[in-house]
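Here is what each chain is made of, one letter per residue.
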Amino acid sequence: MIELPSEADLHCPVEKIFDLITDFRSQERWLGKSSAFHGTDEISSNPVTLGTTYREPGTFGVRNGTVTEFERLVKITFHQPMTMKFGLGIIDVTTRYQLTPGATTTRVRRTVTIRIPWILKVFTPVLAREFRVESARTLLALKAYADKLPSDSVSG
């Protein structure tokens, strides 16, 4: 198991940040597509809540996700195993957000945990790097968007 933590202080109230994270249908406002992220579809409920399911197709496979932990304004966890193309197995992926409000900022800790199947073990350093880069990109995009929101905006 590989754990890839990242964190940032966002100049935005915890309520707004949590709403941005859980509103999958509006992700394109703050999270651009990349080689790893092509968008989210087949969302069973939006905003997401405990038990919500969704699908994220990508270049190397498809993530079929479920919200497995949901504590409003505090934490949300997404279990999103990625079925690799060409029968190369499943990379078990879990993404956790932990939000801690402060006086003028909200600390967002985003931790991605991956388990790589034996058939891909030789590629572990490359895969870990790709997941680390994408996780950091996601958190930076969230920060850039949230930091620009007016203080009286409800959901951006």
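Just above sits the structure.
Residues numbered from 1 in each chain as written. Predicted model: local features only at pLDDT ≥ 70, side-chain atom pairs only at ≥ 80, totals over all residues. Heavy atoms only, no water.

A word on the overall build of the chain. Tallying secondary structure elements over the chain gives two helices and seven strands in all. Secondary structure elements in the chain, listed N-terminal to C-terminal, are β-α-β-β-β-β-β-β-α. Along the longest, intermediate and shortest principal axes, the C-alpha atoms of the chain span 50 × 30 × 25 Å. Expressed as a percentage of the 156 residues in the chain, the buried residues total 44%. Looking at the chain alone, contacts between residues at least 24 apart form 50% of all its contacts between residues at least 6 apart. Surface summary for the chain: the accessible area is close to 8,200 Å², and the carbon and sulfur share equals 58%. Mean positive and mean negative side-chain charge positions of the chain (20 and 17 charges, respectively) differ by 5 Å. (Helix = DSSP H or I, 4+ residues; strand = E, 2+ residues; numbered from the N terminus. Buried < 20%, exposed > 50% of the residue type's maximum accessible area, 1.4 Å probe, protein only. Contact = heavy atoms within 4.5 Å. Areas by Shrake-Rupley, 256 points an atom, 1.4 Å probe, with all protein chains shown as cover. Lys, Arg positive; Asp, Glu negative; His and termini not counted. Charge placed at Lys NZ, Arg CZ, Asp CG, Glu CD.)

Turning next to the environment of I114. Tracing the chain through its elements places I114 in strand 7 (residues 106-115). With 46 residues separating them along the chain, I114 and T68 place their C-alpha atoms 16 Å apart.

This part is about the nonpolar core. Within soluble globular proteins, side chains that are nonpolar tend to cluster in buried spots. Formed by 27 residues in total, the largest nonpolar core has its most connected members in I17, I21, I76, F78, Y97, L99 and L142. Secondary-structure elements contributing two or more residues to this core are strand 1 (2-10), helix 1 (14-22), strand 4 (75-79), strand 6 (90-101) and helix 2 (124-148). Among all residues touching I17, those that are not within four sequence positions of it are L10, C12, L99, T106, V108, L142 and A146. Core analysis: the next-biggest nonpolar cluster, separate from the first, contains 11 residues, M84, V112, I116 and L127 among them. (Core = buried A, V, L, I, M, F, W, Y, C linked by side-chain atoms within 4.5 Å.)

A few words now on the pattern of salt bridges. Two side chains with opposite charge may pair up if their charged atoms get near one another. Considering all chains together, one arrives at 13 salt bridges under this definition. Here K143 makes a salt bridge to D147, at a shortest N to O gap of 2.7 Å. Of this pair, K143 and D147 are both found in helix 2, four residues apart, which corresponds to roughly one turn of the helix. Salt bridges here are not isolated pairs; linked through shared partners, they connect E7, D9, R107 and R109. (Salt bridge = Lys/Arg side-chain N within 4 Å of Asp/Glu carboxyl O.)

A contiguous nonpolar surface patch, about 310 Å² in accessible area, is contributed by V122, F123 and V126. Of the residues examined, V122 reaches a relative accessible area of 67% and is grouped as exposed. (Patch = residues over 30% accessible without salt bridge, like charges linked within 9 Å, V, L, I, M, F, W, Y side chains within 5 Å.)

A regular strand places its side chains so that they alternate between the two faces of the sheet. The side-chain alternation of strand 2 (residues 53-57) yields one buried face, formed by Y54 and E56, and one unburied face, formed by T53, R55 and P57. Summarising the sheet, strand 2 and strand 3 (residues 61-71) pair through five bridges and their orientation is antiparallel. Its bridge partner being in strand 3, Y54 is matched across the sheet by G65. (Pairing = 2+ DSSP bridges.)

At a minimum axis separation of 11 Å, helix 1 and helix 2 run at an interaxial angle of 130°. With respect to helix 2, the element helix 1 is oriented oblique. Classified by chirality, the crossing of helix 2 by helix 1 is right-handed. Side by side, helix 1 and helix 2 meet where I17, L20 and I21 of the first sit next to L142, Y145 and A146 of the second. Class assignment for the residues of the contact of helix 1 with helix 2 results in six nonpolar, no polar and no charged. (Axes fitted to C-alpha atoms, helices over the stretch in contact; angles between N-to-C directions. Parallel < 35°, antiparallel > 145°, perpendicular 65-115°, else oblique. Left-handed = near helix turned anticlockwise from the far one by under 90°. Nonpolar A, V, L, I, M, F, W, Y, C, P; charged D, E, K, R; others polar.)

Here we come to the environment of T105. Within the fold, T105 resides in the loop between strand 6 and strand 7. For T105, the contacting residues outside a window of four places in its chain are D9, L10, H11, C12 and T100.

Take the packing of aromatic side chains next. Scanning the model with the defined rule gives five aromatic pairs in all. Consider the rings of F24 and Y54, whose centres lie 5.0 Å apart with planes at 85°: the pair is edge-to-face. With F24 in the loop between helix 1 and strand 2 and Y54 in strand 2, the pair connects residues that are 30 residues apart, well separated along the chain. Comparing F24 with Y54, the two get one shared label, buried. Pairwise contacts between aromatic rings join F24, Y54, F78 and Y97 into one cluster. (Phe/Tyr/Trp six-rings, centres within 6.5 Å; stacked < 30°, edge-to-face > 60°.)

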